[in-house]
Amino acid sequence: MHRYVTDFILDIVQNSFEADSNNVELVLREDDRYLDMTVRDDGKGMSHQMLEKVLDPYQTDGIKHIKRKVGLGLPFLVQATRSAGGSFDIQSEVSKGTVVKCRFDLCNIDTPPMGDIPSTLLALVSHPAAKGVEIERSLSTSKGSDSYHLSREKLLEVLGSFTTVATLNLLMEYLQSQEEALDRFKVDHIPVL
Amino acid sequence: MAKMTLEDLRKLRESKQDALRKRDVEGKDCQVIVGMGTCGIAAGAKVVLDAFLSELEAKGIENVSVTQTGCMGLCHVEPTVEVIVPGMPDVIYGNVDAKVVKQIVADHIIGKKLVSEHVFDKPAADILKKD
Ligand code: FES
């Protein structure tokens, strides 16, 4: 089972990659209480029927997921957000793309822990099916606010490739430094019952 | 650590490259492929990816390629990792965690012998039938 919010993020963005998107935009906005995530892609999109199908955890196409087109992650995400005081929304249009928006209530006891953001972004940016990826991450709390922007294209330009241990570790260092800069504005999430 | 700029990253890369060039190309052409499908991630594939990056760097083997792939159809032994080392059979390891990663790096990639208890190269029975 998914154990971290970041596992959902990885899963949903992977869906966008697998939908042949040229551009994927991930926005992660966090405040004192909520994490809002938006994943917008220009991939092949889904019809209404297909959308219903991918949101139904009991529907499979019988071939397991060895040749699956979409992840099983969506029903998990719907459940994880809704049962923990968050929200979920998906809009999709065939050959135009898909937008997934969801909110995690970080003060809800049933919301999974956040997980490791730098290592998740590393997995996304270096994903073999990734093309254009833009990531916007911001934190705005009572302590102050900060943000950073990542562009896969720009990082690739600097690092040359995302395949060797050497370059991936440099990328990791970079991502960690971005996220660490946000640390001083992070607040503890006290569960409200 | 101060927030790095892209320019800092570029400089760091250049300095690293020189260091790498001096060191001999030990792990050249070795490949590590981590299965990162939905259930792979749920089983801890991301931890495995991180572990490979830090372990290989710790051992000074930085030119191994580490990539991700989607579903390998091997849910029941996830996290799974394919390891390709020249002169050795291509192997899929199952039930990999950070500890097993250390074994794979030490035994398979450096020592050139298999980590037998984690070798797994047959797809799940139900998937075999359907294909
Ligand atoms: S993601 Fe694990 S077998 Fe498909």
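Each remark here, short or long, concerns the structure printed above.
For clarity, every value in this text was computed on a predicted model and none was experimentally measured.

Chemist: I would appreciate a short explanation of the interface of chain A and chain B in the present structure.
Modeler: Interfaces are often sized by the amount of accessible area the parts lose when they come together. Listed as interface residues are 50 residues of chain A and, on the opposing side, 41 residues of chain B. Across the chain A to chain B interface the summed buried area is about 3,700 Å²; carbon plus sulfur atoms make up 62%. At the boundary of chain A and chain B, one finds one salt bridge. In this structure, K3 of chain B and D146 of chain A form a salt bridge, with 3.5 Å as the shortest nitrogen-oxygen distance. Along the contact surface separating chain A from chain B lie 16 residue pairs in polar contact (both at pLDDT 80 or more). Taken together, the elements giving at least two residues each to the side of chain A that touches chain B come down to α1 (5-18), α3 (73-82), α4 (117-125), β6 (144-151), α5 (152-159) and α6 (165-183) of chain A. Top contributing element to the side of chain A that touches chain B by residue count: α6 of chain A, with 13 residues. The residue makeup of the side of chain A that touches chain B, split by class, is 20 nonpolar, 19 polar and eleven charged.

Chemist: In this structure, what is going on with the sheet that holds β6 of chain A? I would like to understand it.
Modeler: In sheet architecture, strand pairing relies on hydrogen bonds along the backbone and comes in two forms, parallel and antiparallel. Residues and elements named next belong to chain A. One open sheet accounts for six strands, arranged β3-β4-β2-β1-β5-β6; its pairing is mixed. Every interior strand has two partners, whereas the edge strands, β3 (87-93) and β6, have only one. Across the sheet, the mean angle from the axis of one strand to that of its neighbour is 5 degrees, orientation sign disregarded. In this sheet, β6 lies alongside strand β5 (residues 132-141) in antiparallel orientation, the contact comprising eight bridges. Bridge pairing in β6 links R137 to Y148. Across the sheet, α3 is in contact with β2 (34-41), β3 and β4 (97-105); its angle to β3 comes to roughly 145 degrees.

What counts as what
- Residues numbered from 1 in each chain as written.
- Chains lettered and ligands numbered in written order.
- Predicted model: local features only at pLDDT ≥ 70, side-chain atom pairs only at ≥ 80, totals over all residues.
- Heavy atoms only, no water.
- Contact = heavy atoms within 4.5 Å.
- Buried area = accessible area lost by both parts, 1.4 Å probe.
- Salt bridge = Lys/Arg side-chain N within 4 Å of Asp/Glu carboxyl O.
- Polar contact = N/O pair within 3.5 Å; in protein donor to acceptor, adjacent residues only side chain to side chain.
- Helix = DSSP H or I, 4+ residues; strand = E, 2+ residues; numbered from the N terminus.
- Nonpolar A, V, L, I, M, F, W, Y, C, P; charged D, E, K, R; others polar.
- Pairing = 2+ DSSP bridges.
- Axes fitted to C-alpha atoms, helices over the stretch in contact; angles between N-to-C directions.

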